[in-house]
Amino acid sequence: SAEKRKAMLDELAMETLQEKSQHKEELGAVRLRHEKEVLGVRARYERELRELHEDKKRQEEELRGQIREEKARTRELETLQQTVEELQAQVHSMDGAKGWFERRLKEAEPGMVAGACNSSYSGG
């Protein structure tokens, strides 16, 4: 009966060792799957992060380009504004000169009409 108990204990020990070994293998497989999943998630995260950085850089460059264009347009508009102001000043000056000439013409017209009349009489 002692041999029977020893055989039962040996069998129980063997079963325990097998279960423990199987458990270790399963645990190793679970850890391996977990590591693979973590690596996959990390790789996807890093790829998405890299894409976001690239998008950000591209958008920054686009905005810098727009700012450069706007600055160039602003400089052009300032130049055009200056030209418009100069032309307006010339027009104002010409209007003044036109008014002066119109006044001189009105002042001279009576004398010209009288002179024209006198010359037509002396010719006849």
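Relevant structure appears above.
Because the structure is a prediction, the values reported are computed rather than measured.

### Considering the overall build of the chain
1) Next: Across its full length, the chain holds 1 helix and 0 strands.
2) Next: Here the C-alpha atoms of the chain give a radius of gyration of 52 Å, more than 25% beyond the 14 Å that 2.2 N^0.38 yields for 124 residues.
3) Next: Principal axes of the C-alpha set define a box for the chain whose edges measure 175 × 20 × 15 Å.
4) Next: Put simply, the chain has 124 residues, and 2% of those count as buried.
5) Next: About 11900 Å² of surface is accessible on the chain, with carbon and sulfur atoms providing 57% of the total.
6) Next: When the 24 positive and 27 negative side-chain charges of the chain are each reduced to one mean point, those points stand 5 Å apart.

### Comments concerning the pattern of salt bridges
1) Next: Under the definition given, this model contains 7 salt bridges.
2) Next: Across the pair Glu 69 and Arg 73 runs a salt bridge, and its minimum N-O distance is 3.7 Å. In this pair, Glu 69 and Arg 73 are both assigned in helix 1 (residues 2-123), 4 residues apart and thus about one turn of the helix distant.
3) Next: Overall, the relative accessible area of 42% leaves Arg 73 in the partly exposed class.
4) Next: A salt bridge links Glu 107 to Arg 104, with the nearest nitrogen and oxygen atoms 3.2 Å apart. On the criterion of helical spacing, the pair formed by Glu 107 and Arg 104 is a turn pair, its members being 3 residues apart in helix 1.

### Some details on the packing of aromatic side chains
Between two aromatic rings, the relevant description is the distance of the centres plus the angle of the planes.
1) Next: All told, the structure shown has 1 aromatic pair when counted by the stated rule.
2) Next: The interplanar angle of 80° and the centroid separation of 5.0 Å between the aromatic rings of Trp 100 and Phe 101 together place this pair among those described as edge-to-face.
3) Next: On the basis of relative accessibility, which here comes to 38%, the residue Trp 100 falls in the partly exposed class.

The rules behind these values
Within any chain, residue numbers begin from 1 and follow the written order of that chain's sequence. Residue-level local features of this predicted model are given only where pLDDT is at least 70; pairs of side-chain atoms are given and counted only at 80 or more, and the full residue set underlies all totals for whole chains, interfaces and linings. Derived side-chain values reflect all non-hydrogen atoms in the structure, with water molecules and hydrogen atoms excluded from consideration. Working definition: helices are DSSP H or I runs of at least four residues, strands are E runs of at least two. Numbering for both runs from the N terminus. Values of the radius of gyration come from C-alpha atoms, whereas the globule rule sets the reference at 2.2 Å times the count of residues to the power 0.38. In this scheme, a residue with accessible area under 20% of its type's maximum is buried, one over 50% is exposed, and one in between is partly exposed, where area comes from a 1.4 Å probe on protein chains only. Only the protein chains shown count as covering a residue, and every accessible area follows the Shrake-Rupley method with a 1.4 Å probe. Counted charges follow a simple rule, with Lys and Arg positive, Asp and Glu negative, and His plus the chain ends left uncounted. Just so you know, the charge point we use is NZ for Lys, CZ for Arg, CG for Asp and CD for Glu. Salt bridges are defined as contacts in which a side-chain nitrogen from Lys or Arg sits within 4 Å of a carboxyl oxygen from Asp or Glu. Each Phe, Tyr or Trp ring, with Trp reduced to its six-membered ring, pairs with another whose centre is within 6.5 Å; inter-plane angles below 30 degrees give stacked pairs, above 60 give edge-to-face pairs, and intermediate values give tilted ones.

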